[in-house]
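So the chains spell out like this:
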Amino acid sequence: MPNSQSVMTKKSVSKKIGVLNLQGAVSEHLTMLKRIEQVEPIAVKQAEQLADLDGLIIPGGESTAISRLIRQNGLLEPIKQFAAQGKGIFGTCAGLVLCGMETKHHEVELLKLIDIQVERNGFGRQIASFETTLDIAPIGTDIPAVFIRAPYIARAGENVTLLASVNGHGVMAQQGHILVCSFHPELTQDDRVIRYFVNLC
Ligand code: GLN
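Residues numbered from 1 in each chain as written. Predicted model: local features only at pLDDT ≥ 70, side-chain atom pairs only at ≥ 80, totals over all residues. Heavy atoms only, no water.

(A) A look at the packing of aromatic side chains. Following the criterion strictly, the structure yields six aromatic pairs and no others. With a centroid separation of 5.4 Å and 70° between ring planes, the pair formed by Phe123 and Phe130 is classed as edge-to-face. Here Phe123 matches Phe130 in class, with each residue buried. Note on Phe123 and Tyr152: the rings are 5.5 Å apart at their centroids and 70° apart in plane angle, and the pair reads as edge-to-face. Here Phe123 is found in the loop between strand E6 (116-119) and strand E7 (129-136), whereas its partner Tyr152 is found in strand E9 (residues 152-156), with 29 residues between them in sequence. Pair check on accessibility: Phe123 and Tyr152 agree, each one buried. A network of ring pairs unites the aromatic residues Phe123, Phe130, Phe147, Tyr152 and Phe183 as a single cluster. (Phe/Tyr/Trp six-rings, centres within 6.5 Å; stacked < 30°, edge-to-face > 60°. Buried < 20%, exposed > 50% of the residue type's maximum accessible area, 1.4 Å probe, protein only. Helix = DSSP H or I, 4+ residues; strand = E, 2+ residues; numbered from the N terminus.)

Encoded structure:
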């Protein structure tokens, strides 16, 4: 690691990455982003803050609660516009559900940013929470992945690249600058997945 990390000044900050600060694992994402040189992490609650950002993380939590708060805070259209501008969005766990195109759970209002059909709590009926390691071709091998009442990707459109699967179920996918995963990369000490997202932004 270069020494420059400890003497990072505002001048050297090149990417502003927001974490949607409505509900869920917000502080964990901010903490991991702080470790990445040349990233300024920002907790985002208001639509006006999006204009300044290069990328946005939609964290894990409860997709029903986050979707209600997105609506209440007037963020639905602004986040869609942010994505339409080609800015990076990374949905983790509940965030994956929200980025999806379809789900059987109609109480969740989806952002429809990536052409996937989502099975909410897909792993929940078998095993509620588990940890494993994944090989994710563009990122690396043996990447620790924590799943907590995790969704999976039931269908992925032809423009979507499936990056990882567990027991035959898709758990990570990318469509251009939109990245989603079923697990919680921010709950491990391994920052390769978050760095991959930052590089997309
Ligand atoms: N089961 C949750 C939901 O669908 C997601 C869980 C999580 O984000 N860890 O809202």
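(B) Broad picture of the nonpolar core. Residues Leu134, Ile136, Phe147, Met172 and Phe183 are the most contacted members of the largest nonpolar core, which totals 34 residues. Mapped by element, the contributors of at least two residues to this core are strand E1 (15-20), helix H1 (26-34), E7, strand E8 (140-148), strand E10 (161-166), strand E11 (169-175), strand E12 (178-181) and helix H5 (192-200). Element by element, the count of residues in this core is highest for H5, at five residues. Residues within four places of Phe147 in sequence aside, it is in contact with Phe123, Ala128, Ser129, Phe130, Thr132, Leu134, Val166, Val171, Ser182 and Phe183. Core analysis: the second largest hydrophobic core is formed by 33 residues, Leu76, Phe82, Leu98 and Val118 among them. (Core = buried A, V, L, I, M, F, W, Y, C linked by side-chain atoms within 4.5 Å. Contact = heavy atoms within 4.5 Å.)

(C) View of the layout of surface pockets. Here the largest pocket defines a volume of roughly 160 Å³. Looking at the largest pocket, it is lined by 14 residues, and the ones nearest its centre are Gly61, Cys93, Ala94, Ile148 and Arg149. Across the lining of the largest pocket, the residue classes tally to six nonpolar, five polar and three charged. (1 Å grid on protein atoms, 1.4 Å probe; cavity = no way out; pocket = protein on both sides within 12 Å on 5 of 7 lines; lining within 4 Å. Points joined across faces, edges and corners; volume = space filled by probe spheres on them. Nonpolar A, V, L, I, M, F, W, Y, C, P; charged D, E, K, R; others polar.)

(D) Spotlight on unusual backbone geometry. In this model, Cys93 sits at a positive phi of 55°, which is unusual for a non-glycine residue. If you trace the backbone, Cys93 turns up in the loop between strand E4 (88-92) and helix H4 (94-99). Judged by its relative accessible area of 4%, Cys93 falls in the buried class. Although it is not a glycine, Arg149 sits at a positive phi angle of roughly 40°. Note that Arg149 resides in the loop between E8 and E9. On the basis of relative accessibility, which here comes to 41%, the residue Arg149 falls in the partly exposed class.

(E) Quick peek at the state of the cysteines. Within the structure shown, the criterion is met by zero disulfides. Free of any disulfide, Cys181 has its nearest cysteine sulfur in Cys93, 8.0 Å distant. (Disulfide = S-S within 2.5 Å.)

(F) A look at the site of the ligand. Close to the ligand lie Gly60, Gly61, Glu62, Ser63, Cys93, Ala94, Arg120, Asn121, Ile148, Arg149 and His184, which account for all nearby residues. The separation between an oxygen atom of the ligand and a polar side-chain atom of Glu62 is 3.4 Å. With respect to the ligand, the backbone of Ile148 contributes an N or O atom lying 3.0 Å from a nitrogen atom. Alone, the ligand offers 300 Å² of accessible surface; in the complex the protein occludes 98% of this. Judged by the proximity of its atoms to the pocket grid, the ligand belongs to the largest pocket. Grouping the constituent residues of the shell around the ligand by class yields three nonpolar, five polar and three charged. (Near = heavy atom within 4 Å. Polar contact = N/O pair within 3.5 Å; in protein donor to acceptor, adjacent residues only side chain to side chain. Areas by Shrake-Rupley, 256 points an atom, 1.4 Å probe, with all protein chains shown as cover. Sits in = over half its atoms within 2 Å of the grid points.)

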